[in-house]
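Chain by chain, the residues run as shown.
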Amino acid sequence: MSDEAIIKRLKVIVQEHGGQMGLATAIGVDQGFISKVVNKKQDISYYLIRKLCFQLKYSPEWLILGTGEKKINKPESAKLITEIQMMRTEVDILQARMRAYEIELKELRDQLHNEGRKAV
């Protein structure tokens, strides 16, 4: 999923709601939040995606992947959003584990390097 592509579609939604303030009012968030996301000063969050899909009935498939219908009213969209959130959580957990392993590996390399110096 490319944040750049999602932001492009978010800008379409902003225009359809008469600007950032109109969109912010429609989904109950601060206009500054919308502005930060649109201007790439803040990552797009699943909180925002969920609001756009649940409250304004935008298709998560269209918003995230750029495929399918722009707006839908099917019950499967809620299931898809939940699955995306679960996958995102799993990715975050895996990234955290990877960082922990990288730190541990660096510490082991440093320890080996220091022990090698003492042996000489």
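In this text, all values refer to a predicted model and were calculated from it rather than measured experimentally.

Looking at the pattern of salt bridges
Scanning all chains against the criterion turns up three salt bridges. The salt bridge involving Glu4 is made with Lys40; its shortest N-O contact spans 2.8 Å. Taken together, the residues Glu4 in helix H1 (residues 3–16) and Lys40 in the loop between helix H3 (31–38) and helix H4 (46–56) connect sequence positions 36 residues apart. Using a relative accessible area of 47% as the deciding quantity, one classes Glu4 as partly exposed. Residue classification places Lys40 among the partly exposed residues on the basis of a relative accessible area of 47%. Of the charged contacts, one joins Glu16 and Lys70 as a salt bridge, the two residues approaching to 2.4 Å between their closest N and O atoms. On the criterion of sequence distance, the pair formed by Glu16 in helix H1 and Lys70 in the loop between helix H5 (60–65) and helix H6 (76–119) is long-range, its members being 54 residues apart. On the basis of relative accessibility, which here comes to 41%, the residue Glu16 falls in the partly exposed class.

Quick notes on the UniProt feature "domain: HTH cro/C1-type" (unreviewed entry) in the protein chain
Mapped onto this numbering, the UniProt entry gives "domain: HTH cro/C1-type" (unreviewed entry) at residues 23–63. Here residues 23–63 runs as 68% helix and 0% strand, with 15 Å between its end C-alpha atoms.

Considering the confidence of the model for the protein chain
Mean pLDDT for the protein chain: 86, with 91% of residues reaching 70 or above. Of all the helices and strands in the protein chain, H6 carries the lowest mean pLDDT, 82, while helix H2 (residues 20–27) carries the highest, 95.

A closer look at the nonpolar core
In globular proteins that are soluble, nonpolar side chains generally tend to be buried together. Formed by 24 residues in total, the largest nonpolar core has its most connected members in Leu10, Leu23, Ile27, Ile34, Leu48, Leu52 and Leu63. Where this core is concerned, the elements lending two or more residues are H1, H2, H3, H4 and H5. With sequence-adjacent residues up to four places away left out, Leu63 is seen in contact with Ile6, Arg9, Ile13, Ile49, Leu52 and Cys53.

Some details on H2
Looking only at H2, the buried set comprises Leu23, Ala24 and Ile27. When H2 is viewed along its axis, its buried side chains cluster within an angular range of 100 degrees and face the same direction. Away from its buried face, by an angle of more than 90 degrees, H2 presents the exposed residues Met21 and Thr25. Where H2 ends, the next residue or the one after it, Gly28, has phi of about 75 degrees, a positive value.

The rules behind these values
- Residues numbered from 1 in each chain as written.
- Predicted model: local features only at pLDDT ≥ 70, side-chain atom pairs only at ≥ 80, totals over all residues.
- Heavy atoms only, no water.
- Salt bridge = Lys/Arg side-chain N within 4 Å of Asp/Glu carboxyl O.
- Helix = DSSP H or I, 4+ residues; strand = E, 2+ residues; numbered from the N terminus.
- Buried < 20%, exposed > 50% of the residue type's maximum accessible area, 1.4 Å probe, protein only.
- UniProt positions renumbered as here; feature names shortened; annotations may be inferred.
- pLDDT = per-residue confidence, 0-100.
- Core = buried A, V, L, I, M, F, W, Y, C linked by side-chain atoms within 4.5 Å.
- Contact = heavy atoms within 4.5 Å.
- Arc of directions from axis to C-beta.

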